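Listed below are the residues making up each chain.
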Amino acid sequence: MCFSNLALTKIDIIKKSIPVFKEKGYGATSISDVATACGVLKGSLYHHFSSKDELMSEVLLYLKDYFVEKVFAIAYNKEWSVEKRLERLARKSEEQFLEGPGGCFMAMIGTETVISIPKFNEIIIGFFANWKLAFVHLYSQICDERVASEQADRAIMMIEGAVLMMRIHNNPDYLTHVQENLVTEFKELKSKQPIVLK
């Protein structure tokens, strides 16, 4: 699809650049690659973003906000049981990580740029902090805050490890298996804990 320069918005560029960055990584992606994905000349992108760094900052903020509003918010939806919220959170996360190559965009970009472009770290750390809060919220329904925090950290580490293995072996079963295990282990943990009234 080809945009005219006037029709191209910041959000259009951000959305079209995500698959490019996800496939090639930050360092290997050029502004020309993003322009091609947007169907415009690269000069058109500079109307909205002064640099590739600025574009990536906006991409990271967009994704962080998306996950907070559309994925992590599942943990706080009281229409479902705690187990159902965990299952839905796991399923929605899995859908996002399986969409296109690359797995977890935040971990991929964070790993690649942690030393060379530290300004991205604040946004990426915020993403993971929000993800942890969602898990802590769920786990704190069945155990104390210390255990909930430990379980939240463990869940994120397991998922990110599975994403890495999925990428290395090109096999989504790693992620699916971990997500299923998280739900099973949550139910087992719940059955072993004294009832906590919230």
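Just above, that's the structure.
Asks: Describe unusual backbone geometry, naming the residues involved and giving the relevant values.
Replies: If you check the backbone angles, Asn 170 has positive phi at about 50° while not being a glycine. One can find Asn 170 in the loop between helix H8 (145-169) and helix H9 (173-192).

Asks: Account for the packing of aromatic side chains, naming residues and giving values.
Replies: All told, the structure shown has 15 aromatic pairs when counted by the stated rule. For the pair Tyr 26 and Phe 120, a centre-to-centre distance of 5.4 Å together with 80° between the ring planes defines the contact as edge-to-face. With a gap of 94 residues between them, Tyr 26 in the loop between helix H1 (10-24) and helix H2 (31-38) and Phe 120 in helix H7 (residues 119-139) connect regions that are remote in the sequence. In terms of burial, Tyr 26 and Phe 120 fall into one category: buried. Where Phe 67 meets Phe 127, the ring centres are 5.3 Å apart and the plane angle is 85°; that geometry is what we call edge-to-face. Taken together, the residues span a long stretch of sequence, with Phe 67 in helix H4 (residues 52-71) and Phe 127 in helix H7 at a distance of 60 residues. Classification of Phe 67 by relative accessible area gives buried; the value is 7%. An aromatic cluster is built from Tyr 66, Phe 67, Phe 72, Phe 97, Phe 127, Phe 128, Trp 131, Phe 135, Tyr 139 and Phe 186, whose rings are joined through pairwise contacts. Sitting above the plane of the Tyr 26 ring, Lys 52 keeps its charged end 4.3 Å from the centroid.

What counts and how
- Residues numbered from 1 in each chain as written.
- Predicted model: local features only at pLDDT ≥ 70, side-chain atom pairs only at ≥ 80, totals over all residues.
- Heavy atoms only, no water.
- Helix = DSSP H or I, 4+ residues; strand = E, 2+ residues; numbered from the N terminus.
- Phe/Tyr/Trp six-rings, centres within 6.5 Å; stacked < 30°, edge-to-face > 60°.
- Buried < 20%, exposed > 50% of the residue type's maximum accessible area, 1.4 Å probe, protein only.
- Lys NZ or Arg CZ within 6 Å of the ring centre and 35° of its normal.

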